[in-house]
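# Summary of structural features
The residues making up each chain are set out below.
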Amino acid sequence: EAQVTQNPRYLITVTGKKLTVTCSQNMNHEYMSWYRQDPGLGLRQIYYSMNVEVTDKGDVPEGYKVSRKEKRNFPLILESPSPNQTSLYFCASSFSSGSDTQYFGPGTRLTVL
Amino acid sequence: QKEVEQNSGPLSVPEGAIASLNCTYSDRVSQSFFWYRQYSGKSPELIMSIYSNGDKEDGRFTAQLNKASQYVSLLIRDSQPSDSATYLCAVNMRGGSEKLVFGKGTKLTVNP
């Protein structure tokens, strides 16, 4: 089944404790991205990747890191999480560019205390 | 600032009625337009994409695009309670990189 997977689905952590949210797709997509969704603010892009080893900032990159060492994986790293990073996070992938149909993972609900 | 605007709603319609969802966008050169449906706490799922002016129909859903007016809409005919969700409009924007910009969504409730 073609899909985007994320883990964990739910995470409660404390301020400053490094965490990684994994994202994997099995559709051989070139483009992958991370979004956060907050009430009243909609979906905002954090980082994106056009291909392996090619990443760039989206609209709200502060406090986040990413890497793309393999085509299928695009982990999101919060090195020192803060309460304002409490949000619903989605990984998405598309065939070749950010303008293509985006296929979303199931989401990760993160709470930072 | 390149933007996608939607009425936040909530929009409430009775079962069997037509629900009309609207979206405007700021980038005149946008070429790709998408409607996503998102149930509460779930991920967005694609309903329709449209690239040319006019109407595109898929079952009970019709997307309408007017590039001159920078306007895209989604009509849901014979609305069902299962259509109750938030509908997100997404438009490709060109700048430093091409990406989809999402509207904040319109919450639709279909009342039995």
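### Notes on the overall build of chain A
For chain A, the count of helices and strands is 0 helices and 11 strands. When the elements of chain A are put in sequence order from the N terminus, they spell out β-β-β-β-β-β-β-β-β-β-β. Considered along the principal axes of its C-alpha atoms, chain A spans approximately 35 × 30 × 25 Å. For chain A, the proportion of its 113 residues judged to be buried stands at 50%. Nonlocal contacts in chain A, meaning residues at least 24 apart in sequence, comprise 54% of its contacts between residues at least 6 apart. Taking the average place of the 12 positive charges on the side chains of chain A and the average place of its 10 negative ones, the gap between the two points comes to 7 Å.

### So, the sheet that holds strand β7 (residues 65-66) of chain A
Residues and elements named next belong to chain A. Pairing within the open sheet is antiparallel, and its 4 strands lie in the order β1-β3-β8-β7. Looking at the sheet topology across the chains shown, the edges are occupied by β1 (4-7) and β7. Note: β1 against strand β3 (residues 19-25), 4 bridges, orientation antiparallel. Across the sheet, Thr5 pairs through a bridge with Ser24, a residue of β3.

### Re the interface of chain A and chain B
Taken together, the 20 residues of chain A in the interface contact 18 residues of chain B. Summed over both sides, the interface of chain A with chain B buries roughly 1,500 Å², with 51% coming from carbon and sulfur. Viewed at the interface, chain B and chain A are joined by 1 salt bridge. In this structure, A:Asp59 and B:Lys99 form a salt bridge, with 2.5 Å as the shortest nitrogen-oxygen distance. The tally of links from chain A across to chain B stands at 7 residue pairs in polar contact (both at pLDDT 80 or more). Of all the secondary structure elements, the ones that give two or more residues to the side of chain A that touches chain B are β4 (31-38) and β5 (42-51) of chain A. Top contributing element to the side of chain A that touches chain B by residue count: β5(A), with 4 residues.

### Things to note about the packing of aromatic side chains
Geometry of an aromatic ring pair is reported as the spacing of the ring centres plus the angle between the planes. For the structure shown, the criterion picks out 11 aromatic pairs over all chains. Ring geometry for A:Phe104 against B:Tyr36: centres 5.7 Å apart, planes inclined by 90°, an arrangement best described as edge-to-face. You can see A:Phe104 sitting in strand β10 (residues 103-104) and its partner B:Tyr36 sitting in strand β4 (residues 33-38), one on each of two chains. Among the residues examined, B:Tyr36 registers a relative accessible area of 0% and is labelled buried. Both rings, one in B:Phe34 and one in B:Tyr36, keep their centres 6.5 Å apart while their planes meet at 45°; by these two values the pair is tilted. As far as burial versus exposure is concerned, B:Phe34 and B:Tyr36 are alike and both buried.

### Some thoughts on the side chain of A:Asp38
Here A:Asp38 lies in strand β4. Discounting chain neighbours no more than four positions away, the residues touching A:Asp38 are A:Arg44, A:Thr86 and A:Ser87.

The rules we used
- Along each chain, residues carry numbers from 1 onward, in the same order as the chain's sequence is written.
- By the order in which they are written, chains take letters starting at A while ligands take numbers starting at 1.
- Only residues with pLDDT of at least 70 get local features here, since the model is predicted, and only at 80 or more are side-chain atom pairs given and counted; chain-wide, interface and lining totals rely on the full set of residues.
- The basis for every side-chain value is the complete set of heavy atoms in the structure, and neither hydrogens nor water enter the calculation.
- For the purposes of this entry, the term helix denotes a DSSP run of H or I that reaches at least four residues, the term strand denotes a run of E that reaches at least two, and both are numbered from the N terminus.
- Here's how the labels work: a residue is buried when its accessible area is under 20% of the maximum for its type, exposed when over 50%, partly exposed in between, all with a 1.4 Å probe on protein chains only.
- Contacts are residue-level and defined by heavy atoms, with any inter-residue pair within 4.5 Å sufficient.
- Here Asp and Glu are counted as negative and Lys and Arg as positive; His is not counted, and neither are the chain ends.
- A charged residue contributes its charge at one atom only: NZ of Lys, CZ of Arg, CG of Asp or CD of Glu.
- Pairing between strands requires that DSSP locate at least two bridges from one strand to the other.
- Defined in terms of a 1.4 Å probe, buried area is the accessible area two parts forfeit on being brought together, summed over both.
- Salt-bridge detection follows one rule: a side-chain nitrogen of Lys or Arg within 4 Å of a carboxyl oxygen of Asp or Glu.
- By the criterion applied in these results, polar contacts are pairs of N or O atoms within 3.5 Å in which, for protein atoms, one can donate a hydrogen and the other can accept it, and in which residues neighboring in sequence qualify only through two side-chain atoms.
- Aromatic rings from Phe, Tyr and Trp, with only the six-membered ring used for Trp, were paired whenever their centres fell within 6.5 Å, and each pair was classed as stacked if the ring planes differed by under 30 degrees, edge-to-face if by over 60, and tilted otherwise.

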